[in-house]
Amino acid sequence: MTTAARTGRVDRAGLAMLSPAVVILLIWSIVPLVMTLWYSFRNYNLVDPTLHGFAGIDNYRYLLTDPDFITSLINTLVLVAGVLFVSVGIGTLLAVLYDQEFFGRGIARVLVISPFFVMPTVAALVWKNLMLHPIYGVYSSMMRAVGLTPVDWLQQFPMATVMMIVAWEWLPFSVLILLTAVQSLDSEQKEAARMDGAGPVARFRYIIVPHLARAITVVIMIETIYLLTIFAEISVTTAGGPGVASTNLAFLIYARALLQFDVGGASAGGMAAIVIANIVAVFLVRAVARNLEV
Amino acid sequence: MAIKRPKSHTFAIGLLGWAIACWVFFPIAWMALTSFKTEVDAIATPPQFIFRPSLASYHEVFARANYWHFTLNTVAISLGATIVALALSVPAAYAMAFIPSQRTRGTLLWMLSTRMLPPVGVLVPIYLLARNTHLLDTLTGLGIVDMLTNLPIIVWMLFTFFREVPAPILEAGRMDGASRWQEMTLVLLPLALPGIASTALLSIILCWNESFWSLNLTSSQAAPLAAFIASFSSPEGLFFGKLSAASTLAVAPILVFGWFSQKQLVRGLTFGAVK
C-alpha cells in the first residue's frame, strides 16, 4: 500500500470517528443559542396567544429598565465575586495547610473536599433546615447557648446566606484543585528556600502563590461558569425572596419563562447571561490553550 | 525531609487541619446522624448528640415517598447519559489523540468553549423544544441534556488519558495488520481502561448531582433524586428525620465515589490544565 493511499484512508477514518461528536455538539451549541436570540426579539407569551410578532428591541429595553433585572444582575455579580473570594482566598490557604504533614492528614483532606460531592438541593436544604433554622437549627441552638438571639438568616440576610451555602459547596472544589497543584511543587525548591532563610510568609508569597497562578486562574474561570447558573440553592431556600432580594439572573430568567410565561423577556435575559459567560469563556479558553500541546 | 519541624509545630498544624475539616464536614455528619433519629429527637432543642438510634425515618422514606422510583430514575439517567457520551467520545478522542491534523487543536478548544454556554441562557429554547417533542418530564429528555452538557468534558478527559498511551504500542498493532477499529477496541481500550473508568465515574457524578435541568425539565415521572429532595423545600421539609434520611441515601454513593477518584476528577474538571 502506498503512503498516499494510507494517509487518505487514515484521514477519512479519523474524520468518521470525530464527526458524530462534533456534529452533535455543533447542533447543541448553535440551535438553542439562535433560538434564544430569535425569541428575544419576539413578542411571545405562552398563555397569551394574542401577543405575537416582531418586538424589535422592546424586550431588551423593558429588561434594562426593569429594576428587578438590575437587582438580579447585581446579585449575580455579588454571588460570583463573593464565592470566588472565599474559595480562592481561603482555598489557597487550606491547600497549603493540607499539604503539611500531620496525623490523619488523608482523612482530614477527604472530609474537607466532601461538600463538593453533595448535590446542590441537599446542601441547600441541610443548611436551611438542620443548620440555620431559627428554632431547630444547630447554629441557632449554639447562639442561644451563648446567650444570643437566633437570627432567621434566610429572611434577614438572604443573599449573604445563599452565598455562604454556595461557598460551602465550592470551597472544597478549589481546595481539591489547588492542593493537587501544590503537591506538584518540587519539595526540594521549598526546602532550598527554607535553608536560605525564607520564612513561611515569604515562601508562601514568592514560591507557592506564583506556582499556583495557573491553577487559581482555572479555578476562577470554571467556578464562574457554574456560579453564573446557580439556581437550585436559591430555588429551595428563598425562591428568590423576600421580594427579589436573593434573585439572581438564573432565577429571574426561570421566573420570567416558567412562572410568567414571558418567553421573549426571558430570552432577552438569557442573552445577557450568555454575553457575561462569553467574556469569561474567552479568558478560560486562552488559559487552557496555553497549556495544550497538540 | 531535610529539616525536622518541632513536634509542637506539627501538633498545632494537625489541630488546625482537623478543626477545619470537622467544621466543614459537620453539616454532612449531622445530616447522617439526624437520619437515624425519630422525628421528635430530630427537632429536640438543644440538639441531641446522644440518642436512641432509629430506622423510622428510613422506613418512612421507603414506604411513603416512593424513594426507589426516584433512585431508579437517577441511575437510569446517569448511566444512560454516560454510556451514550462514552460511545460518542471514545472514537472522537481516539481520532484526536492518534490521528492529529491541523484542525485538532482548534476542535478541542472549540469543544471546551461549548461547555461555557450557561445553561440558563438556553433554558427557554430547551424547555420549549422538550415540550414540543413530548420529552418534558421523561428520562430520555433529561438524559439527552445531561449527556450533551457533559460531552465536551468527557472528550477532553479521554483525550488526556489517551495521549498517555505510548503511540508505538498502537503502531505495533497496526504493523500486525490491525484495522483502526481493531486498534482502538483491542489495543487502546484495554490499556486506557483505568482512564475510561474514571471518566465514566466523573460523568456519573456530574449527572447524579445535576440540579438545574433536573428541576426545570422534570416534575414527577422522570424526576431524579435532586428534584425529589427539592420537594422537601415545602413545609414537608420540617420533617427533619425524613429529609435527612432521603438526603443521606441520595448523597452517600456519590460521596464514596468522589473520595476514591479525587485525583482523576481534578484532571477532568480542569480540562487537563491541572494534574
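Here the structure is a predicted model, which is why all the values come from computation and not from measurement.

Caption draft 1: Focus on the interface of chain B and chain A. Contacts between chain B and chain A engage 107 residues on the former and 101 residues on the latter. Summed over both partners, the interface of chain B with chain A comes to about 9300 Å²; 78% of that surface belongs to carbon and sulfur atoms. The tally of links between chain B and chain A comes to zero salt bridges. Joining chain B to chain A, the criterion identifies eleven residue pairs in polar contact (both at pLDDT 80 or more).

Caption draft 2: Spatial organisation of the UniProt feature "domain: ABC transmembrane type-1" (unreviewed entry) in chain A. In the numbering used here, UniProt assigns the "domain: ABC transmembrane type-1" (unreviewed entry) feature to residues 73-289 of chain A. Taken as a whole, residues 73-289 of chain A contains 76% helix and 0% strand, while its terminal C-alpha atoms sit 30 Å from one another.

Caption draft 3: Spatial organisation of the packing of aromatic side chains. In this structure the tally under the stated criterion is 26 aromatic pairs over all chains. With a centroid separation of 6.0 Å and 85 degrees between ring planes, the pair formed by A:Y136 and B:F240 is classed as edge-to-face. With A:Y136 in the loop between helix 5 (120-131) and helix 6 (138-145) and B:F240 in helix 12 (residues 240-260), the pair connects residues from two separate chains. Here B:K37 stacks its cationic end above the ring of B:F51, 5.1 Å away from the centre of that ring. The aromatic ring of B:F239 is capped on one face by B:K242, whose charged end is 5.9 Å from the ring centroid.

Caption draft 4: Up close: empty space enclosed by the protein. Applying the stated criterion across every chain yields a total of five cavities of 30 Å³ or more. Put simply, the largest cavity is a space of about 630 Å³. Surrounding the largest cavity, 29 residues form its lining, A:P120, A:W170, A:Y226, B:N209 and B:E210 being those nearest its centre. At the level of secondary structure, the elements contributing two or more residues to the lining of the largest cavity comprise helix 8 (158-183), helix 10 (200-227) and helix 11 (232-237) of chain A together with helix 7 (139-162), helix 9 (180-209), helix 10 (212-217) and helix 13 (262-269) of chain B. No other element matches the four residues that helix 9 of chain B contributes to the lining of the largest cavity.

Caption draft 5: Summary view of the side chain of B:K37. Residue and element names in this part refer to chain B. Its place among the elements puts K37 in the loop between helix 1 (7-34) and helix 2 (39-42). Buried K37, no salt bridge; nearest opposite-charge side chain is D41, N-O distance 7.4 Å. With residues near it in sequence (within four places) discarded, K37 still touches W30, A42, Q48, F51, S54 and S57.

What counts and how
Residues numbered from 1 in each chain as written. Chains lettered and ligands numbered in written order. Predicted model: local features only at pLDDT ≥ 70, side-chain atom pairs only at ≥ 80, totals over all residues. Heavy atoms only, no water. Contact = heavy atoms within 4.5 Å. Buried area = accessible area lost by both parts, 1.4 Å probe. Salt bridge = Lys/Arg side-chain N within 4 Å of Asp/Glu carboxyl O. Polar contact = N/O pair within 3.5 Å; in protein donor to acceptor, adjacent residues only side chain to side chain. UniProt positions renumbered as here; feature names shortened; annotations may be inferred. Helix = DSSP H or I, 4+ residues; strand = E, 2+ residues; numbered from the N terminus. Phe/Tyr/Trp six-rings, centres within 6.5 Å; stacked < 30°, edge-to-face > 60°. Lys NZ or Arg CZ within 6 Å of the ring centre and 35° of its normal. 1 Å grid on protein atoms, 1.4 Å probe; cavity = no way out; pocket = protein on both sides within 12 Å on 5 of 7 lines; lining within 4 Å. Points joined across faces, edges and corners; volume = space filled by probe spheres on them. Buried < 20%, exposed > 50% of the residue type's maximum accessible area, 1.4 Å probe, protein only. Lys, Arg positive; Asp, Glu negative; His and termini not counted.

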